[in-house]
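Chain residues, written in single-letter form:
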Amino acid sequence: MLNSLRMRVRTRLMLAFFFLIFATLTLATVSWTILQDANRALTAFQADALPDISRSLELAERTSNLAAAAPYLTNAASASTLRSESEDLQERTRLVLALADSIPELEKTAPRLQQLLTQLEQTVTRLVELTNQRLFLREDLLQFEYDIDSLVASAQKLNEAEDSEILRMAERMQLSTKLNSIAELARLNQRVRMQYLQMDPVMLGQNQEWQRIIEHAAIDPGNLFELKRTELILEQQGRFLLSTTRAIADQLSIEVGAFVASAEALANSRSAEVNDQLAQGLTRIALLTALCVIVAIAGIVIVGRLSKNLASVTSLMTRLSRGDRYASPPQVKENDEIGELVTAFGVFQRNVQEIKEIGDSLRQQTKLLETVFSSLNDGLSVFDKHDRLRAWNPQYASMLKLPVSELQTGMSMEAITKLLPEAAQDSWSLKGGVLDRDELRVQRQQTAQRFERRFEDGRIVEFRSSPLPEGGFVTLYSDLTERKEIESQLRQSQKMEVLGQLTGGVAHDFNNLLAAVIGNLQLVEMRLGKGDRARGAAERALTAAERGEQLTQRLLAFSRKQRLEPELTIIDELIEGMRDLLEYSVGSKIDIQLDLQAADALSLLDPGQMENSLLNLAINSASAMPDGGKLILRTAMQKSPQGDSGVQLEVVDTGSGIAPEYLPRVFEPFFTTKKVGEGSGLGLSMVYGFVKQSHGELQIDSKVGGGTTISIWMPIADPLDIEDPNGQNSEPKLTPEQGHGERILVVEDDPQVRAMVTDMLMALGFSPTPCADYDAAIESLETDLSIQLVFTDINLGERRTGIDLMHQINKNWLHTAVVLTSGLPPDQLTQSFGLGSTQSVLAKPYSREALLGRLSQALAHIRNGEKNDD
């Protein structure tokens, strides 16, 4: 039963298609016959009418071109051009005559065409002859013009009266070449002849060349005026022939127009015949088309019922393909193929819904995974259990410097390792040891591994691998270069800070000890005679103590706590002024070269400390070049990484260089690579502290065997923004004088220093009164009104300080001067005791001369009625 139903559906469709094919073939046969008839009519039209139309249009075009070319003959500028134009025109005339001979219908439609073409040919020939004559005349006229122009130029150079007559005659002959009227030309010729006859023959004969030109141009046969008259006549005849040519061309256009009109009439007649045949064919096609429509309607009726349900199923499938998984299937009553299709669609629809839900879930998970995969800052790769690459993100190739174009899925780990730079092919443990490649590859498949690889550019990349459940492993790659560099810088900074605090504290204690030692040794030296043997020992001890003071100052320089006396300094000028000292210090084997490019840059720094730093650097460089070399000092303007303007000073040598393991320690106090006794190890540390204390930056770059470069960056300063760094002490210094019994109160908590200062003041001629603290000093001031100056330490070892004492004296004892002293660095005095930036302090240890100078200056202010508290 089902097979018979299927046959009925197939039979109905085949019958419908048979009727449609039969109607289509019938319509095609009739249309083909009609088109054949139309083609034959069109062929006859093309054979009869189109050639006449084509030849008529060609004839009209050529006659127009022939008439348009004639004026070009009269404008020919040379014989060759005239010959070319005439040959072209004759060729055109020949072609027109040949074309006219090939059209037999012209004798009926345009009988005068042949005669007009012959007249045109004759007229053109005559025009060519006239133009040729005019060209030859023009050459002769040009020669006359040249001779007359030469005569005019020669006569204008002379100012004599006789020459002016000749000049006027020559100018009239010049004028004749520009006239276009025969009558005016004749009058001018008559004037020239009369003027020639009136001229003195003797005067004219003085210049035979002038006489020849005048007679040849105005008197002799074939003169200028005759040639010009002939040229004007030829031009008139040429214009006449040109007008004749235009008239003949107009008549030719009329004759050709008549022929074109007859050809057009013939074409219209043939076209009407073709249109009639086409109209008949279209009528027959319309009838057959109506028959085909009837047959098609019958086929539509037959197929309609079959296609209705099929269209419903198709619409349902379309909706399903667009995502509508919940559309209801149509109700089909027929128990045929379409009914089975609707039943099968219901099953397919349910399957599609399930697949869609699974696909949506997979796409969401895939998109989330891809987003996370690509947005990771770290590199990521996945290898399978056979150590083959399966997936990676862009950061993987970028971080490991792998060529992206060569990375492919399925590449082995060995192939990828070969793409890495040679230095990065080894794996390093976090403790610094090199790992075995084969063993590491096996361990990554089993347990989590963490190791590093190092690249030639200094980068360090950390690998963190974790095994996958089904074999293989996933690895994260992190660039640790910046973090490790920051950690190294932090460790170095912390180490330098601790060293700075340590050396600063030691220097302070040394200053107090050295103050007592140096002061007492100076007292011993003062009391011993020059011939006393003990005086030499005292001087040697004093020299050693002063060296200890210098050592202390270097420690303070490293800890950035030394006392600086900054001035506005041009570094280029400072270096130039040191050149002789540098050459003497480094020896004759060292070639010193200066490249100074910051001539106008001002920096606020201590010039003495700057010179000392450069001298230290030069001596260090010289010690690295025992066999000689180059020492280069160069400066340039350069901005800091923060954008501040400054001067970049580089000290470059060609010495042996510094080993990499020593570079991090070169600025540490007492660190040296020299032999014992050859250096203290404080030179570079002093330079480092001075540069940092001056708000500068210091870097060192060295290679073993490649020399060393030390770069110092110092900020530039605006003079308008800088106050006088020396404050009140910038005034002229007074010559120190011995004391005359002035009463001085000495306030010092250290008994040894207090005793030393008391003895030294007495030796200098003063009358000192010692006390140990603030309260004792106030009591002495209240009981002894003759005290003129208070010399006090700032740190008195108790709650109240020398600064408090100074403020109290300024309040209650206006005519008593105060001189401060301390062994502490300036920044600590400011931070711990609130000392003003302009307040001057006598630094410990101090010499006898320095003490006397400071006291003399303070007492001089008191005597002058001024209050000057140091």
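Heads up: these notes are all about the structure in this document. Since the structure is predicted, the reported quantities are computational estimates derived from the model, not experimental observations. (Residues numbered from 1 in each chain as written. Predicted model: local features only at pLDDT ≥ 70, side-chain atom pairs only at ≥ 80, totals over all residues. Heavy atoms only, no water.)

Regarding the overall build of the protein
Phase 1: Tallying secondary structure elements over the protein gives 25 helices and 19 strands in all.
Phase 2: Here the protein holds 870 residues, and the buried ones make up 39% of them.
Phase 3: Considering only intrachain contacts with a sequence separation of at least 6, the fraction spanning at least 24 residues in the protein is 68%.
Phase 4: Counting every atom, the protein has about 48800 Å² of accessible surface; 54% of that belongs to carbon and sulfur. (Helix = DSSP H or I, 4+ residues; strand = E, 2+ residues; numbered from the N terminus. Buried < 20%, exposed > 50% of the residue type's maximum accessible area, 1.4 Å probe, protein only. Contact = heavy atoms within 4.5 Å. Areas by Shrake-Rupley, 256 points an atom, 1.4 Å probe, with all protein chains shown as cover.)

What to know about helix H7 (residues 182-198)
An α-helical segment advances 3.6 residues per turn. Residues three or four places apart therefore align on the same side.
Phase 1: Spanning 17 residues, H7 covers 25 Å between terminal C-alpha atoms, matching the ideal 24 Å at 1.5 Å per step.
Phase 2: By the burial criterion, the buried members of H7 are Leu-185, Leu-188, Asn-189, Val-192, Gln-195 and Tyr-196. Taken down its axis, H7 places every buried residue within 130° of arc, on the same side. With respect to the buried face of H7, the exposed residues turned more than 90 degrees away are Arg-187, Arg-191, Leu-197 and Gln-198. (Expected span 1.5 Å × (residues − 1). Arc of directions from axis to C-beta.)

Side note on the packing of aromatic side chains
Phase 1: For the coordinates displayed, the defined rule picks out five aromatic pairs.
Phase 2: Arranged with centres 5.4 Å apart and planes meeting at 15°, the rings of Phe-383 and Phe-473 form a pair that is stacked. Taken together, the positions of Phe-383 in strand S1 (residues 379-383) and Phe-473 in strand S7 (residues 473-479) put the pair 90 residues apart, joining distant regions of the chain.
Phase 3: Its relative accessible area of 3% is what places Phe-383 among the buried residues.
Phase 4: On the basis of relative accessibility, which here comes to 0%, the residue Phe-473 falls in the buried class.
Phase 5: Across the ring face of Phe-455, the terminal group of Arg-459 is positioned such that the distance to the ring centre comes to 4.3 Å. (Phe/Tyr/Trp six-rings, centres within 6.5 Å; stacked < 30°, edge-to-face > 60°. Lys NZ or Arg CZ within 6 Å of the ring centre and 35° of its normal.)

Structural notes on a nonpolar patch on the surface
Phase 1: Where nonpolar side chains cluster on the molecular surface, the patch consists of Phe-17, Leu-20, Ile-21 and Leu-25 and spans about 390 Å² of accessible area.
Phase 2: Relative to the elements of secondary structure, Ile-21 occurs in helix H1 (residues 2-69). (Patch = residues over 30% accessible without salt bridge, like charges linked within 9 Å, V, L, I, M, F, W, Y side chains within 5 Å. Salt bridge = Lys/Arg side-chain N within 4 Å of Asp/Glu carboxyl O.)

Regarding the pattern of salt bridges
Phase 1: A complete count under the given rule lists 14 salt bridges for this structure.
Phase 2: For Arg-459, the salt bridge goes to Asp-479, with nearest N and O atoms at 3.9 Å. You can see Arg-459 sitting in the loop between strand S5 (449-454) and strand S6 (460-467) and its partner Asp-479 sitting in strand S7, a full 20 residues away along the chain.
Phase 3: Overall, Asp-479 belongs to the partly exposed group, its relative accessible area being 37%.
Phase 4: A salt bridge links Arg-579 to Glu-583; its shortest N-O distance comes to 3.4 Å. With Arg-579 and Glu-583 both in helix H18 (residues 579-586), this residue pair falls four residues apart, about one helical turn.
Phase 5: Among the charged side chains, a network of salt bridges with common partners joins Asp-378, Arg-450, Glu-462 and Arg-464.

Focus: the sheet that holds strand S13 (residues 697-703)
Phase 1: Across the sheet, five strands lie side by side as S9-S11-S12-S14-S13; this open sheet has mixed pairing. Every other strand in the sheet has two partners, leaving strand S9 (590-596) and S13 as the edge strands with one partner each. When the angles between neighbouring strand axes are averaged without regard to direction, this sheet yields 15°.
Phase 2: Bridge analysis of S13 against strand S14 (residues 707-715) gives seven bridges, and the strand direction is antiparallel. (Pairing = 2+ DSSP bridges. Axes fitted to C-alpha atoms, helices over the stretch in contact; angles between N-to-C directions.)

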